[in-house]
Amino acid sequence: MDVRQFKDKVFQAGREAGLEEMEIYAVSSKDLSIRVFQKEVDDYTLSVGQGVGFRARFAGKIGYAYAETLDEDSVYMLVEGAKANAQIIDSEDEIVFFAGAEDYPTVKAYNPELEQVTPEAKIEYAKELEKEAFAADERVSLVNWAAVGYREAEAYIANTLGLEQSFSRNGAYTYVSALVKENEQVKSGGRSRYSNSWADFNARELAKEAVGEAASLLNADTVKSGEYRVLLRYDVVRTFLATFASVFSAEAVQKGLSLLAGKLGEQIASPLVTLIDDPLLENGAASTPFDGEGVPTRTKDVIAAGELKTYLHNLKTAKKDGVESTGNASRASFKSTVGISPTNFYIKPGELGYEELVRELGSGLIIISVQGAHSGANPVSGDFSLGAYGYLVEDGKIARPVDQITIAGNFFQLLQDVEAIGSDLEFGGPGMGGNVGAPSLIVTKLAVAGN
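Residues numbered from 1 in each chain as written. Predicted model: local features only at pLDDT ≥ 70, side-chain atom pairs only at ≥ 80, totals over all residues. Heavy atoms only, no water.

Considerations on helix α4 (residues 119-136)
Item 1. Under the 1.5 Å per step criterion, the end-to-end length of α4 is 26 Å for 18 residues, consistent within 8% with the ideal 26 Å.
Item 2. Taken together, the buried positions of α4 are K122, I123, Y125, A126, L129, E130, E132 and A133.
Item 3. The secondary structure elements touched by the buried residues of α4 are β1 (22-37), β2 (40-58), β4 (140-159), β5 (164-182) and α5 (203-216). (Helix = DSSP H or I, 4+ residues; strand = E, 2+ residues; numbered from the N terminus. Expected span 1.5 Å × (residues − 1). Buried < 20%, exposed > 50% of the residue type's maximum accessible area, 1.4 Å probe, protein only. Contact = heavy atoms within 4.5 Å.)

Below you can see the structure in the form of structure tokens.
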């Protein structure tokens, strides 16, 4: 059954059952993932899915239900499920349904040419990725990942107040990881890329970067414990931003789970730092003209020149604060209730290239990878203590690789300690917390535990 026909049947059945405002949020998707190992296809997974989330008001409360098929049985199940759920809800939060807007932004995030790239072409690319990794350095002992994938999805939202919108986007990703062995030492390096243009995927370039990084880490050793001036590479900055993104959520603020409460209009970061949430970014992995409640999206500075300008809101949190939604309502899937997350969330890049940042650092450490962010970082306090590795820099040049260290600090202090920002903005691809991007940063100091 077509989703629009299904919507009409659900709304009609809901009215007959005594439901008031009703909303349908439907998602259809196609995912393909391919992995090559030792010249053979090691994994080939294709999944096609669809589902419908349903919200409805009954006796003043909002009930939720979902279904994975669009048929007559699901119509009854959604209506009765939402009605029953509404009767056991204890929350006093006022849920608002959005009636739609006169205008929605135009967003480009679907590339029909990418859809036409055949599975065979993707397999050949993954094989080439593995081949180029082995060719990049004779010390490569194993290419443990040579993978490529594709995803397309369409979201559709409609309610009984007149809202009806849909939007599609697609994208591809690739990842390569290689092990380099010299004597008894083994080091790994990896690179990933996400884009909705197949022309952006260069197997040789990606493989050389991954292998080159692995080789550069051979003969790594620790450093003396102390405070160091640090260059955080773009992917490490992304990890920090993704880990602590929830502190910018109005819901976290209202629940007392963010130290940014009461700090709107205050300087919370270095004047160099501007943090942007841009759902309108052309071909962005999280670009969308409307959010999970059908509210039109807009680009906004969350931090502008160090000053906290806004929290990220959905309709519920906006009503509590007496402001407008920022268009950041999110749903992890059609099964989920409405939450808040950023879209294309990134730190505005500066003008210094990566090599210029290394020279600007002078003496200190470059951190290119951190481990344990899921357990070693506290989003509420901002504190972190993470295993890390990278390079020691002396006189503006990389002196040697460094491993077996732990870096510790506080995210909020880190924002204030930014001294320089690179031009090498790079996004990591879509995730549960949006599409996070960052350039490399130099920070005044971080505590480093070595020997």
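Section: the environment of T406
Item 1. Inspection of the secondary structure assignment puts T406 in strand β16 (residues 397-410).
Item 2. We classify T406 as partly exposed; its relative accessible area is 28%.
Item 3. Along the primary structure T406 and A447 are separated by 41 residues, whereas in three dimensions their C-alpha atoms are 8.2 Å apart.

As for the nonpolar core
Item 1. By size, the foremost hydrophobic cluster in this structure holds 51 residues, and its most contacted members are L232, F240, F248, I303, L365 and I367.
Item 2. Beyond its immediate sequence surroundings of up to four residues, F248 is in contact with L260, I268, L275, V302, I303, L308, Y311, L312, F345 and F411.
Item 3. By size, the runner-up hydrophobic cluster in this structure holds 28 residues, among which are A126, V148, Y150 and A210. (Core = buried A, V, L, I, M, F, W, Y, C linked by side-chain atoms within 4.5 Å.)

Focus: the sheet that holds β1
The strands that make up a sheet are held in pairs by hydrogen bonds between backbone atoms, and each pair lies either parallel or antiparallel.
Item 1. With respect to topology, six strands assemble into an open sheet ordered β3-β2-β1-β4-β5-β6, the strand pairing being antiparallel. For this open sheet the edge positions go to β3 (61-67) and β6 (185-195), each flanked by a neighbour on one side alone. Within this sheet the neighbouring strands show an average axis-to-axis angle of 15°, counted without direction.
Item 2. Note that β4 and β5 share 17 bridges and pair antiparallel. Residue pairing across strands places V148 opposite T174, the latter belonging to β5.
Item 3. Contacts from helix α1 (residues 3-16) reach β1, β2, β4 and β5, with the element oriented near 140° to β1. (Pairing = 2+ DSSP bridges. Axes fitted to C-alpha atoms, helices over the stretch in contact; angles between N-to-C directions.)

Here's the deal with the packing of α4 against α5
Helix-helix packing is described using two parameters, namely the angle between the two axes and the distance between the axes.
Item 1. Interhelical geometry of α4 versus α5 gives an angle of 45° and a closest axis separation of 8 Å. Taken as axis vectors, α4 and α5 run oblique relative to one another. Crossing geometry of α4 relative to α5 is assigned as right-handed. Counting all contacts with α4, which are made through Y125, E128, L129, E132, A133 and A136, the residues of α5 involved are A203, R204, L206, A207, K208 and V211. (Parallel < 35°, antiparallel > 145°, perpendicular 65-115°, else oblique. Left-handed = near helix turned anticlockwise from the far one by under 90°.)

Details of a nonpolar patch on the surface
Item 1. A surface patch of nonpolar side chains, about 380 Å² in accessible area, is lined by V41, Y44, L46 and V48.
Item 2. For V41, the location among the structural elements is in strand β2. (Patch = residues over 30% accessible without salt bridge, like charges linked within 9 Å, V, L, I, M, F, W, Y side chains within 5 Å. Areas by Shrake-Rupley, 256 points an atom, 1.4 Å probe, with all protein chains shown as cover. Salt bridge = Lys/Arg side-chain N within 4 Å of Asp/Glu carboxyl O.)

Comments concerning the domain arrangement of the protein
Item 1. Under the domain assignment, the protein is made up of domain 1 (112-151 + 168-216) and domain 2 (220-259 + 267-289 + 344-451).
Item 2. Just the C-alpha atoms count here: the centres of domain 1 and domain 2 sit 24 Å apart.
Item 3. Facing nine residues of domain 1, the contacting portion of domain 2 comprises 15 residues.
Item 4. Note on domain 1 versus domain 2: buried area summed over both sides is about 940 Å², and carbon and sulfur give 33% of it.
Item 5. The interface formed by domain 1 and domain 2 includes two salt bridges.
Item 6. Across the pair R233 and E213 runs a salt bridge, and its minimum N-O distance is 2.6 Å.
Item 7. At the junction of domain 1 and domain 2, the tally comes to six residue pairs in polar contact (both at pLDDT 80 or more). (Domains from an automatic or database assignment. Buried area = accessible area lost by both parts, 1.4 Å probe. Polar contact = N/O pair within 3.5 Å; in protein donor to acceptor, adjacent residues only side chain to side chain.)

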